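Listed below, chain by chain, are the residues.
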Amino acid sequence: MGKNELDLLKKQNRELRQDIGEYDMLMDSAGVCIAKIRLTRGYPLEWCNEAMVRAIGYTKEAYEARFGQELSAFFQGYEREYAVLEAEMRTALAARRRRFDMLLRIPTRTGF
């Protein structure tokens with residue numbers, strides 16, 4: 001790979017990171033909760049935006065201390081909502097989709 005190609009890739013990478021940052025800021029300002037869930041055993045939460053943090057009422061550290069890596073632990077007591085989410089995750093896995101969008105009521109520190 002030549003220097004010009006490498007410079008172009010670096011420029012594209014910077015632009016993409018900026019676009020992602022702007023998208024996240026837009027979603028956050030609109031109050032849209034976004035979560036990245038690893039589609040593996042236990043469905044661990046990898047990342048969420050600030051809107052999600054505010055909505056659930058837990059910092060990342062508090063969430064991990066209370067629920068660990070198991071998404072099902074976070075939904076304990078809200079099995080119906082978890083079943084809807086899990087069904088969508090299983091459908092995404094079966095279709096080999098890397099992502100999915102859905103509307104879902106999520107539990108918070110104080111309930112719904």
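Procedures and definitions
Note that residues are indexed from 1 along each chain, following the sequence as it is written. Two thresholds apply to this predicted model, a pLDDT of at least 70 for residue-level local features and 80 or more for giving and counting side-chain atom pairs, whereas whole-chain, interface and lining totals are computed over all residues. Side-chain numbers here rest on the full set of heavy atoms in the structure, without hydrogens or water. Note on aromatic contacts: the rings of Phe and Tyr and the six-membered ring of Trp form a pair at centre separations within 6.5 Å, being stacked when their planes are under 30 degrees apart, edge-to-face when over 60 apart, and tilted otherwise. Working definition: helices are DSSP H or I runs of at least four residues, strands are E runs of at least two. Numbering for both runs from the N terminus. Buried residues are those whose accessible area, probed at 1.4 Å on protein chains only, stays under 20% of the maximum for their type, while exposed residues exceed 50% and partly exposed ones sit between those limits. A patch consists of residues whose relative accessible area exceeds 30% and which take part in no salt bridge; residues with like charges are grouped when within 9 Å of each other, and nonpolar side chains (Val, Leu, Ile, Met, Phe, Trp, Tyr) when within 5 Å. With residues, only the protein chains shown are counted as cover, and all accessible areas are computed by Shrake-Rupley using a 1.4 Å probe. Here, a salt bridge means any Lys or Arg side-chain nitrogen found within 4 Å of an Asp or Glu carboxyl oxygen.

A. Seen up close, the packing of aromatic side chains. On inspection of all chains with the given rule, the structure shows six aromatic pairs. Arranged with centres 5.4 Å apart and planes meeting at 50°, the rings of Tyr-63 and Phe-74 form a pair that is tilted. Placement of the pair is Tyr-63 in helix α3 (residues 60-67) and Phe-74 in helix α4 (residues 71-74), with a sequence separation of eleven residues. As far as burial versus exposure is concerned, Tyr-63 and Phe-74 are alike and both buried.

B. Local environment of a nonpolar patch on the surface. On the surface, Met-1, Leu-6 and Leu-9 cluster together into a nonpolar patch covering about 320 Å² of accessible area. Tracing the sequence through the fold places Met-1 in the segment before α1 (3-29). Looking at Met-1, the relative accessible area reads 73%, which means it is exposed.

C. Just unusual backbone geometry, in detail. One non-glycine residue, Tyr-43, lies in the positive phi region at around 45°. Mapped onto the elements of the fold, Tyr-43 is located in the loop between β1 (35-37) and β2 (45-48). Exposure remark for Tyr-43: the relative accessible area of 8% places this residue in the buried category. Of note, Arg-96 is a non-glycine position whose phi angle comes to about 55°, a positive value.

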